[in-house]
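Reading the structure
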Amino acid sequence: MKRLLIPLMAIMMLLAGCNGTPGEAQDRQESEAKAWLDSARTYISRQDLRRAMVALKQAEKTIGDNSSPETSYQVYRYIAWVNESSGASLAALPYEQRALACAEAMGNANHVADALLAKANTLFNLQMNDSAFYYNQRAARMSKHLNEGRQSVVLRQQGYYEMLNNQLKEAEQHARKALELADDASASANAQALLCQVLILQGRHKEAEQLTALEQKDSQSAPLHNRLALRSELLERQGDYRQALAALRELKELDDSLTAELSRLDIVRLQSDYDRAVIQSEKARQQLAISIAVIVLLCLVFALAIWYYQHQQTLYKHYRDRLASVREDIEHHIADKDSTIESMKKQLDKKVEDLENMQRKLPQQLRTDHTFDSIATTKRGIDVLYSIVKEENISQMGKREQQAVTSVMQAIDPDLYELLADKDLALTPKETFFCIMERNHMNEQQKAIAFCSTEQAVRSVKSRLGKKIDLSRLNSPKQQAFTTPLQA
């Protein structure tokens, strides 16, 4: 035993060392997620959003419930940003909600504000303006924690909502304030574009034209797209359709380059394919688990069926052996001239009860047995003889009891059996019982008590029986063979 225990403990320690502690496994997952996140940032810097999404999806698969909120926040924010940049605003929404939950869990005001503003911007793009304004106002209530850049975004989105609701004065104020607080070229261009739209809606085309003519140091595509769109709209309103058409052509060329650069459809399709593959993999894993469970269940059922069959066969064999043993014992007791009817009945009752208990454990199809039926018939015959000896009421006994007691008499009193079994005589049950009483020297009063009748009725039975047989045959010198076992 000790020789087996030592290698077993060594194997368990080796496995524990390989697997590591739960904390080490969690650290490995965290490191792996950060590595994928760094790869995604590299691809984003190269504007390769397709590969960036692949890396982000691997990072999402790696992070678990125990990952740090900071890592989870970064993963979800980047996935939402790539989706938003690719035109898949609906796909971005759930990830922005997850990023917001992670930011709130960290208690980082800047992260919470960024998540709120990103979600508001996505909702604006989906034309869900009231919902967008709700999240923008949540971010505005955190103004004391926001830097100028975030305050610029809050004011710009608030101005955009006011412009949509035709509150042009308020929208102009917030757009100008957003332009003042903008901390980078992209934010400045977006605020400037909003201000131009508000001025155009107010009919102040000259001011809007002057604003769009301002030089932009930043050459990013998004600000350029906004300026071209505003310039085209402004020129069209002024009736300069030639210049408006030229601006539209530049805008179309820019849209084509943006489409080629960002591969919007490819990224959306990639994310969809990845999610579908994850779902199919999970479904296949579940189907495999169900299949294994079904196979195990079938094997268990099969094993139980085999065990049940063998168990039933063992019980049946034991039951048959017990039947043969009981049958042999009954024949021995009946043939024993020193046995009394009480001892035979007592032993037979117990053995038949044991057989019935064994029989109840067997299935229904194995309970029918001719040996048991023969034993039951013998018991019924002994019961009839016992009732006769004890002068009990036998008035309700009929054909079945007659056949049983006649069968028993073959071993107890062969001469009487020949008389009772003679088919030519066709004795009735009452006449058969009368013959046994007469053979046992019972008087007419005892017979009347057993039959629950008058002595006159007993004499009538005797008279009818006398017409069938010679009653003197019931007083044969061999009667002693029958009398002995019937004695109480």
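Just so we're clear, the structure is a prediction, and the values are computed from it rather than from any experiment.

What follows deals with the overall build of the protein chain. Across its full length, the protein chain holds 22 helices and 0 strands. Relative to its full complement of 488 residues, the protein chain shows a buried share of 37%. Across the protein chain, contacts joining residues at least 24 apart in sequence account for 65% of those joining residues at least 6 apart. Total accessible area computed for the protein chain in this model is approximately 28,300 Å², and 53% of it derives from carbon and sulfur atoms.

Let's shift gears to empty space enclosed by the protein. Enumeration over the complete set of coordinates arrives at 1 cavity of 30 Å³ or more. In this structure, the largest cavity encloses a volume near 70 Å³. Taken together, I330, H333, I334, M344, Q347, L348, K351 and I382 make up the lining of the largest cavity. Residue assignment for the lining of the largest cavity shows that the elements contributing at least two residues are α14 (264-335) and α15 (341-360). At 4 residues, the largest contribution of residues to the lining of the largest cavity is made by α15. Taken together, the residues of the lining of the largest cavity sort by class into 5 nonpolar, 2 polar and 1 charged.

The next thing to look at is the nonpolar core. With 45 residues, the main nonpolar core has Y319, L385, L416 and C435 as its most contacted residues. If one sorts the elements of this core by residue count, helix α16 (residues 370-389) sits on top with 7 residues. Apart from residues lying up to four places away in sequence, L416 is in contact with M409, C435, I436, R439 and L474. The next biggest cluster of nonpolar side chains, apart from the first, holds 39 residues, and it includes Y76, A80, A92 and Y161.

Let us now look at the environment of N125. You can see N125 is positioned in helix α6 (residues 109-125). For N125, a relative accessible area of 44% corresponds to the partly exposed category. Each C-alpha atom of the pair N125 and L90 lies 9.7 Å from the other, and the pair is 35 residues apart in sequence. N125 has contacts with E84 and S89, leaving out every residue within four places of it along the chain.

A word on the confidence of the model for the protein chain. Low pLDDT marks regions whose predicted coordinates should not be analysed in detail. Chain-level statistics for the protein chain give a pLDDT mean of 77 and a share of 78% at 70 or above. Note that residues 257-265 has pLDDT below 50 and, in this model, 12 contacts with residues that lie over four places away or in other chains.

Turning next to the packing of helix α9 (residues 168-181) against helix α10 (residues 185-201). Following both chains from N to C, one finds α9 and α10 inclined at 155°, their axes separated by 9 Å at the closest point. Here α10 runs roughly antiparallel to α9, going by the angle between their axes. In this structure, α9 crosses over α10, and the sense of that crossing is left-handed. Counted together, L168, A171, E172, A175, R176, A178 and L179 of α9 and S188, A191, Q192, L194, L195, V198, L199 and L201 of α10 form the full contact between these two elements. Considering only residue class, the contact of α9 with α10 consists of 11 nonpolar, 2 polar and 2 charged.

Let's shift gears to unusual backbone geometry. With a phi close to 65°, N166 is a non-glycine residue in the positive phi region. Tracing the sequence through the fold places N166 in the loop between α8 (148-164) and α9. The phi torsion at H441 lies on the positive side, around 60°, for a residue other than glycine. Here H441 is to be found in the loop between α19 (429-439) and α20 (444-451).

So, on to a nonpolar patch on the surface. Taken together, the side chains of L297, L300, V301 and L304 make up a nonpolar region of the molecular surface, amounting to roughly 370 Å² of accessible area. By the secondary structure assignment, V301 is in helix α14. Owing to a relative accessible area of 46%, V301 belongs among the partly exposed residues under this scheme.

The next point concerns the side chain of S387. Positionally, S387 belongs in helix α16. The residues touching S387, leaving out its near neighbours within four places in the chain, are E392, I394 and M397.

What describes two packed helices is the angle between their axes and the distance between those same axes. Between helix α3 (residues 49-62) and helix α4 (residues 69-85), the least distance of the axes is 10 Å, while the angle of their chain directions is 150°. The pairing of α3 with α4 is recorded here as roughly antiparallel in orientation. You can see that α3 and α4 cross each other, and the crossing is left-handed. Taken together, the residues of α4 that come into contact with α3 (itself represented by L49, M53, L56, A59 and E60) are V75, Y76, Y78, I79, W81, V82, N83 and S85.

Our focus in this paragraph is the side chain of Q402. Examined against the element boundaries, Q402 turns out to sit in helix α17 (residues 399-412). Take Q402: its relative accessible area is 6%, and that puts it in the buried class. A polar contact is formed between the side chain of Q402 and the side chain of T432, at a distance of 2.8 Å. Beyond its immediate stretch of four places on either side in the chain, Q402 contacts L427, T428, P429, T432 and F433.

The rules behind these values
Residues numbered from 1 in each chain as written. Predicted model: local features only at pLDDT ≥ 70, side-chain atom pairs only at ≥ 80, totals over all residues. Heavy atoms only, no water. Helix = DSSP H or I, 4+ residues; strand = E, 2+ residues; numbered from the N terminus. Buried < 20%, exposed > 50% of the residue type's maximum accessible area, 1.4 Å probe, protein only. Contact = heavy atoms within 4.5 Å. Areas by Shrake-Rupley, 256 points an atom, 1.4 Å probe, with all protein chains shown as cover. 1 Å grid on protein atoms, 1.4 Å probe; cavity = no way out; pocket = protein on both sides within 12 Å on 5 of 7 lines; lining within 4 Å. Points joined across faces, edges and corners; volume = space filled by probe spheres on them. Nonpolar A, V, L, I, M, F, W, Y, C, P; charged D, E, K, R; others polar. Core = buried A, V, L, I, M, F, W, Y, C linked by side-chain atoms within 4.5 Å. pLDDT = per-residue confidence, 0-100. Axes fitted to C-alpha atoms, helices over the stretch in contact; angles between N-to-C directions. Parallel < 35°, antiparallel > 145°, perpendicular 65-115°, else oblique. Left-handed = near helix turned anticlockwise from the far one by under 90°. Patch = residues over 30% accessible without salt bridge, like charges linked within 9 Å, V, L, I, M, F, W, Y side chains within 5 Å. Salt bridge = Lys/Arg side-chain N within 4 Å of Asp/Glu carboxyl O. Polar contact = N/O pair within 3.5 Å; in protein donor to acceptor, adjacent residues only side chain to side chain.

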